[in-house]
Structure formats: C-alpha cells, structure tokens
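# Geometric and topological summary
Chain by chain, the residues run as shown.
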Amino acid sequence: MSSSALDPDIAALLKHDPAGLVPAVIQQHDTGEVLMVGWMDDEALHRTLTSGRVTFWSRSRGEYWRKGDTSGHEQHVKSVALDCDGDTLLVRVDQIGPACHTGERSCFFTDLKAVEV
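Residues numbered from 1 in each chain as written. Predicted model: local features only at pLDDT ≥ 70, side-chain atom pairs only at ≥ 80, totals over all residues. Heavy atoms only, no water.

On strand 3 (residues 55–58), burial covers both faces: Thr-55 and Trp-57 on one face and Phe-56 and Ser-58 on the other are all buried. Linking two consecutive strands that pair antiparallel, namely strand 3 and strand 4 (residues 63–66), is a turn of 4 residues; a positive phi of about 70° is found at Gly-62 within it. (Buried < 20%, exposed > 50% of the residue type's maximum accessible area, 1.4 Å probe, protein only. Helix = DSSP H or I, 4+ residues; strand = E, 2+ residues; numbered from the N terminus. Pairing = 2+ DSSP bridges.)

This is how it looks when you write it as structure tokens:
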C-alpha cells in the first residue's frame, strides 16, 4: 500500500484494522441491494472519491484494483458514507453487469436458511 492523497480530515474519521484497511459495503444505489464487500485503505478511498469508480485494496493480490477494469462490470460511485463508528464504508453505486466474480449479480446469493424464532 502506498501513501495517500486522501483528505486528512476524512482520514482522521476512519478506524482502520491492523492492516490499515476499512471494509466497504457496496450497494446498488436505486434498489438497496447489497452487492459485495471489499477492503479499502486511504489511497483506495481517495481513488474512489475522486475518480467516480470504486477502487479496492486486494488483500490476496497485494495491489489496488478498480472494479470492472478486466471484467467490464464497473461500479460507478453515487455516494460514499461512513458509519457511526468510523469503521465501515457504505458505497452506493450504479453496478454494470454482475458484481460477483462468479457471474452472480450479488456476492450474497447463498441462502443459509436461517430459522425464525
């Protein structure tokens, strides 16, 4: 991960994990559908806020990746919010194509059949 141009006032609001990351919940802006969860450091958030496209830090690859650059399934940013604890981002997007690498619209397609009590 590299140094960041993220506004220091925004960076000061974030509560990072020990690796310097914050989870980012990605939601379809007009339906509320939760599409996926990714990880951002300050630089990924800066790129997301300034480019209009979602950028993540890939923990497995150890590099930045902008959603859709290889698949064409882009995420166009509509808004970014920080939760009350400062430890999770909500990124509302216009998703082009499926969000999941499996080809599903959302990464949350496995129903665990929770029992109601």
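Having seen the structure, we can now continue with the description.
What follows is about the nonpolar core. Ile-26, Met-40, Val-54, Leu-89 and Val-91 are the most contacted members of the largest nonpolar core, which has 20 residues in total. Those elements that place two or more of their residues in this core are strand 1 (22–28), strand 2 (34–40), helix 2 (42–51), strand 3 and strand 6 (89–95). Dropping the residues within four chain positions of it, Ile-26 is found in contact with Glu-33, Val-34, Leu-35, Met-36, Val-54, Phe-56, Gln-75, Val-91 and Val-93. (Core = buried A, V, L, I, M, F, W, Y, C linked by side-chain atoms within 4.5 Å. Contact = heavy atoms within 4.5 Å.)

Here the focus is the pattern of salt bridges. Following the criterion strictly, the structure yields 5 salt bridges and no others. For Asp-69, the salt bridge goes to Arg-66, with nearest N and O atoms at 3.1 Å. Because the salt bridges share partners, they merge into one network encompassing Arg-53, Arg-66, Asp-69 and Glu-74. (Salt bridge = Lys/Arg side-chain N within 4 Å of Asp/Glu carboxyl O.)

Okay, the side chain of Thr-55 next. Locating Thr-55 in the fold gives a position in strand 3. Given the relative accessible area of 4%, Thr-55 is considered buried.

Within this structure, the stated rule accounts for 2 aromatic pairs. For the ring pair Phe-56 and Trp-65, a centre distance of 4.9 Å and an interplane angle of 35° mean the geometry is tilted. Phe-56 gets classed as buried once you look at its relative accessible area, which sits at 0%. With a centroid separation of 4.8 Å and 75° between ring planes, the pair formed by Trp-57 and Tyr-64 is classed as edge-to-face. In this structure, Arg-47 is placed above the aromatic ring of Tyr-64, and the distance from its NZ or CZ to the ring centre is 4.2 Å. (Phe/Tyr/Trp six-rings, centres within 6.5 Å; stacked < 30°, edge-to-face > 60°. Lys NZ or Arg CZ within 6 Å of the ring centre and 35° of its normal.)

Pairing is mixed across the open sheet formed by 4 strands, whose spatial order is 2-1-6-5. In this open sheet, the two strands that pair with only one neighbour each are strand 2 and strand 5 (75–82). Each strand axis lies, on average, 25° off the axis of its neighbour in the sheet, ignoring direction. Where strand 1 and strand 6 come together, 5 bridges link them in parallel fashion. When the bridges of strand 6 are listed, Ala-24 appears paired with Leu-89. (Axes fitted to C-alpha atoms, helices over the stretch in contact; angles between N-to-C directions.)

The quantities given are spatial measurements derived from coordinates; they are silent on function.
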